[in-house]
Every structure is written in C-alpha cells, then in structure tokens.
Amino acid sequence: MKVRVYRSDARQRDAKLIAYDVPYTKGMRVLTALEFIQEHLDPTLSFRWNCGAGQCGSCAAEVNGKPVLTCKTEIREGMQDLSVFPLKVFPPVKDLVVDFAPAQKKLKDLRAHFTPAREKKPGEFYRLQEWQVQAAQEMRKCIDCFICYDVCHVLRDAPHLNFVGPRNLVKAAAQEFHPLNVVNRAPLVEQGGLSACNVTRCCTESCPQGIQITQNAIIPFKERVISSKDPFEKLLKKVLK
Ligand code: F3S
Ligand code: FES
C-alpha cells in the first residue's frame, strides 16, 4: 500500500507529501505503518508515540483528513491510499511533530494545573456524592491527545484567536468540579473566549475517551458565566455567605 506522509521542518521549508510503499498486514495500525517507514525506509521521519495502546495521547495525527490516534486507527484492507498530516492547528516542529506550547499557555490562564482546595476544619467530615465523583472523574479521563482542539472549527479557522479550546476547558472543569474547589473560573473562561464556542459538538464526537466535552464541561461553564452576571444570583450568594 502507499502511505503518504507530510514531511517538513519547522519553517515549512521544502514541505511535501512523500509516498512510501508499505507492506500491508491484516489488523495493522497507522502507527505500525509509520514505524515501518522509520525503521526500513527513512530513519529521519519524526513522529511521537509512547504507549501504543490509546492511553498517552501522544500519537495523534490527521489521517485522510481526520484527526485520530494513529495507534488505534486500523488500516482497512483494500485502502489504497493513506495520507498522514500533523495536527494542523499547532505550529509544526518537524514532520508529524507539532508544538503544543500555545495551548499549554492558554491552560495556565485558566489556573487549571493546580487548584488550592478549601481547607477542612479540624474534625470536619465531608460526604462526597457519587455525581460529584463522576463529574470530576469524567474530565480526568482526558489523555491530552488534542484531537478535540484540532477538530474545533473555531480554532481551525483562526488558530490565533483568543479561545482556550475544548481540551483546556476539560482540564479546567476537572478542577472546577472538585467539591473542595475554591477558584471561581467564570471570569477566567470568559476572558478565555468561551463565547466563541457555538456548541457544534465536533470536539465531543472526536474524543477517543468518550468525554462529553460539550455537555459536561463547556455548557456548565457557559451557565456559570451567565449566572455570575445575574444580579439576583449575586444577591443570593451574598445572603447565603
Ligand atoms: Fe469547538 Fe467543541 Fe465548541 S468543537 S465550537 S469547542 S463545541
Ligand atoms: Fe499512546 Fe497512541 S501511542 S495513545
């Protein structure tokens, strides 16, 4: 079979698609084809991978125009042409390797790396509800593959737009939904361009972990932004304090 792979350096000098002949074996994955090329045809081909089992998220690339995990994507028999590109919303580094730094910087702005938790009073007993555990755990299933980020049309159309992107909202939600969370992220996500998301759900449909990104991370944040501006809710919060 022919596997066409995008080759370039960071400056996109001499960027081109190079076709390689790769022997097909039943059940092989796109990552296996890339490994074959690197091992037998061109050792300079650069791509990332780590676990080979859909758990680390490092192998994501665009296969025939669709961002996927290459280690989980099976090459079907009779597929004559396969094209592999890097995730297009990120600055290229080399071949299929891209630079995630711009997305990581936006994540920092959401204070999603570490959240100071409310300290419990001595002897305080805290009962964790099952729904609270599930809400936080769902967000912690994210493997940082950035497929949702790459597929989001807002970022694809304007990668430099001020929008934190679905993956970062998932990370922020993982902290926000912790029952002992003390950070109010409503103003942070608002400054992070949350309103640019028009809830098309492409991110949710592409998530290899099945996280309900739109329903369970983005919409709750949108609701928090709206209620943080509601004068009645503001008053209620003051009274209940
Ligand atoms: Fe983008 Fe997902 Fe919103 S694809 S527009 S972040 S629903
Ligand atoms: Fe880890 Fe593909 S190599 S998810």
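Analysis parameters
Residues numbered from 1 in each chain as written. Chains lettered and ligands numbered in written order. Predicted model: local features only at pLDDT ≥ 70, side-chain atom pairs only at ≥ 80, totals over all residues. Heavy atoms only, no water. UniProt positions renumbered as here; feature names shortened; annotations may be inferred. Helix = DSSP H or I, 4+ residues; strand = E, 2+ residues; numbered from the N terminus. Near = heavy atom within 4 Å. Nonpolar A, V, L, I, M, F, W, Y, C, P; charged D, E, K, R; others polar. Expected span 1.5 Å × (residues − 1). Bend = angle between axes of the 7 residues up to and from the residue. Buried < 20%, exposed > 50% of the residue type's maximum accessible area, 1.4 Å probe, protein only. Pairing = 2+ DSSP bridges. Axes fitted to C-alpha atoms, helices over the stretch in contact; angles between N-to-C directions. Salt bridge = Lys/Arg side-chain N within 4 Å of Asp/Glu carboxyl O.

As named in an unreviewed UniProt entry, the chain is 2Fe-2S iron-sulfur cluster binding domain-containing protein, taken from Candidatus Iainarchaeum sp. Under Pathway (unreviewed entry), UniProt gives the following word-for-word description of the chain: "Carbohydrate metabolism; tricarboxylic acid cycle." Here the chain is described in UniProt, under the heading Sequence similarities (unreviewed entry), as follows: "Belongs to the succinate dehydrogenase/fumarate reductase iron-sulfur protein family."

A short note on unusual backbone geometry
With the exception of glycine, most residues fall at negative phi, and the peptide bonds are largely trans. Phi at Val 199 is positive, roughly 55 degrees, even though this residue is not glycine. For Val 199, the position within the fold is in the loop between α7 (186-191) and α8 (202-206). A positive phi is found at Arg 201, a non-glycine position, where the angle reads about 70 degrees. The residue Arg 201 is located in the loop between α7 and α8 in this model.

Description of the site of ligand 1
What surrounds ligand 1 is a group of 14 residues, the closest being Cys 152, Cys 197, Thr 200, Arg 201 and Cys 203. Where the shell around ligand 1 is concerned, the elements lending two or more residues are α5 (153-157), α8 and α9 (213-229). A per-class count over the shell around ligand 1 returns 9 nonpolar, 4 polar and 1 charged.

A few points about α9
Compared with the 24 Å implied by 1.5 Å per residue over 17 residues, the 24 Å span of α9 between its first and last C-alpha is a close match. Of all the bends in α9, the greatest, near 30 degrees, is centred on Ile 219, and the proline Pro 220 appears no more than four residues after it. Where α9 is concerned, the buried positions are Ile 213, Thr 214, Ala 217, Ile 218, Pro 220, Phe 221, Val 225 and Ser 227.

With respect to the sheet that holds strand β2 (residues 16-21)
Two strands in a sheet stick together by hydrogen bonds in their backbones, pointing the same way (parallel) or opposite ways (antiparallel). Spatially, the 5 strands line up as an open sheet ordered β2-β1-β5-β3-β4, and their pairing is mixed. Single-partner strands in this sheet number two, and they are β2 and β4 (66-69). The sheet shows a mean angle of 35 degrees between the axes of neighbouring strands, direction not considered. Sheet topology note: the strand β3 (residues 60-63)/β4 ladder contains 4 bridges and is antiparallel.

Points about the pattern of salt bridges
Summed over all chains, the structure comprises 17 salt bridges. Put simply, Asp 144 and Arg 167 hold a salt bridge, and the shortest N to O gap is 3.1 Å. Separated by 23 residues along the polypeptide, Asp 144 in the loop between α3 (130-139) and α4 (147-151) and Arg 167 in helix α6 (residues 166-176) bring together distant segments of the chain. For Arg 167, a relative accessible area of 3% puts it in the buried group.

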